[in-house]
Amino acid sequence: IPTINDLTFRAQAPVVLEPQPLARLGVRFVFFNSSRGDGSVNFPGWRLVQADGEFEVYENPLWPGDAVAWYQTQLVETPEDAGNTLRNESGELAHVGLVERESAVLECAGACAPDGFVTESPIDGTRSVTVQMSKPAVVAEHEQFDQGWTITVDGEPAPVIAVDGIWTGVQVPAGTHHIRLEYRPRWLTPALVLMLMGLLGAAALCWWPEERVRR
């Protein structure tokens, strides 16, 4: 008899999908096969936006956008700590972002609910958003955190911060700011150098036998 760890991911999905935790994970839409049952039971509070035969699409009403400004943050040491904290204290942390940089810890008094924004992707590997905030914040864009990301705020480079253990974020002061992400993996430049050396080597091997024949 298989245990839950032996099952596929879709078989492990709970019967009822709550909008709040999935919104934090960046889930805006879910695709459902209605032959499996009544979707309104599985997705309470979700909006049915499309139905075509046996298939339905539900939209998460709590999806804030693919960039979230956190005005209050809490320090975690590792992505695993972030995941465990969110699993165990998700209700208490509805207005708190989890960061892995001590300098990005923010305290907030008064209205501290996070604000959401929608980004643009002008070309592959980039993401841009303009934010307007009344308080300093850590803005997390829904791109998986990786050392290959670089961030500029109003054209100036800024440190990349891991948020909630998965998202790519940056700390910004109050006001209106333009944030741009660009992905450039660290291996790209060495790979291009090695490729160029290989092409030069291949060209040299093609040239060398002809040169020997001439001589």
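Our subject in this report is the structure included herewith. (Residues numbered from 1 in each chain as written. Predicted model: local features only at pLDDT ≥ 70, side-chain atom pairs only at ≥ 80, totals over all residues. Heavy atoms only, no water.)

### Considering the overall build of the protein chain
Here is step 1 of the chain: Across its full length, the protein chain carries 5 helices and 14 strands.
Here is step 2 of the chain: Within the protein chain, the proportion of its 215 residues that are buried is 34%.
Here is step 3 of the chain: Of the contacts made within the protein chain by residues no fewer than 6 positions apart, 66% connect residues no fewer than 24 positions apart.
Here is step 4 of the chain: Surface summary for the protein chain: the accessible area is close to 13,600 Å², and the carbon and sulfur share equals 57%. (Helix = DSSP H or I, 4+ residues; strand = E, 2+ residues; numbered from the N terminus. Buried < 20%, exposed > 50% of the residue type's maximum accessible area, 1.4 Å probe, protein only. Contact = heavy atoms within 4.5 Å. Areas by Shrake-Rupley, 256 points an atom, 1.4 Å probe, with all protein chains shown as cover.)

### A look at the packing of aromatic side chains
Here is step 1 of the chain: Overall, the coordinates contain 6 aromatic pairs when judged by the stated rule.
Here is step 2 of the chain: Measuring from centroid to centroid gives 5.3 Å for phenylalanine 32 and phenylalanine 43, while their planes differ by 85°, and the two rings are edge-to-face. Separated by 11 residues along the polypeptide, phenylalanine 32 in strand β1 (residues 29-33) and phenylalanine 43 in the loop between α3 (39-42) and β2 (47-52) bring together distant segments of the chain. As far as the burial class goes, phenylalanine 32 and phenylalanine 43 line up, both buried.
Here is step 3 of the chain: Ring centres 5.2 Å apart and planes at 65° place the aromatic pair tryptophan 149 and tyrosine 183 in the edge-to-face group. Of the two residues, tryptophan 149 sits in strand β10 (residues 149-153) while tyrosine 183 sits in strand β14 (residues 175-183), which places them 34 residues apart along the sequence.
Here is step 4 of the chain: Grouped by ring-pair contacts, the aromatic residues Phe32, Phe43, Trp46 and Tyr58 constitute a single cluster. (Phe/Tyr/Trp six-rings, centres within 6.5 Å; stacked < 30°, edge-to-face > 60°.)

### Here's the deal with the pairing of strand β13 (residues 167-172)
Here is step 1 of the chain: Burial of β13 is extensive: 5 of the 6 residues sit out of reach of the surface.
Here is step 2 of the chain: The pairing of strand β9 (residues 137-144) with β13 spans 6 bridges and is classified as antiparallel. Residue pairing in the sheet places glutamate 141 in a bridge with threonine 168 of β13.
Here is step 3 of the chain: The pairing of strand β12 (residues 161-163) with β13 spans 3 bridges and is antiparallel. When the bridges of β13 are listed, alanine 162 appears paired with threonine 168.
Here is step 4 of the chain: Taking the residues that link successive antiparallel strands as the turn, the β12-β13 hairpin has 3 residues, and the phi of aspartate 164 there is positive, at about 60°. (Pairing = 2+ DSSP bridges.)

### Focus: the pattern of salt bridges
Here is step 1 of the chain: Applying the stated criterion across every chain yields a total of 5 salt bridges.
Here is step 2 of the chain: When the shortest N-O distance is used, the salt bridge between glutamate 143 and arginine 127 registers 2.8 Å. With a gap of 16 residues between them, glutamate 143 in strand β9 and arginine 127 in strand β8 (residues 126-133) connect regions that are remote in the sequence. Assigned by exposure class, glutamate 143 and arginine 127 land together as buried.
Here is step 3 of the chain: Because the salt bridges share partners, they merge into one network encompassing Arg28, Arg47 and Glu59. (Salt bridge = Lys/Arg side-chain N within 4 Å of Asp/Glu carboxyl O.)

### A look at the sheet that holds strand β3 (residues 55-59)
Here is step 1 of the chain: One open sheet accounts for 3 strands, arranged β1-β3-β2; its pairing is antiparallel. Each of the sheet's edge strands pairs with one partner strand only, and the pair in question is β1 and β2. Taking each pair of neighbouring strands and ignoring which way they run, the sheet shows an average axis angle of 25°.
Here is step 2 of the chain: Note that β2 and β3 share 5 bridges and pair antiparallel. Bridging across to β3, glutamine 50 finds its partner in valine 57. (Axes fitted to C-alpha atoms, helices over the stretch in contact; angles between N-to-C directions.)

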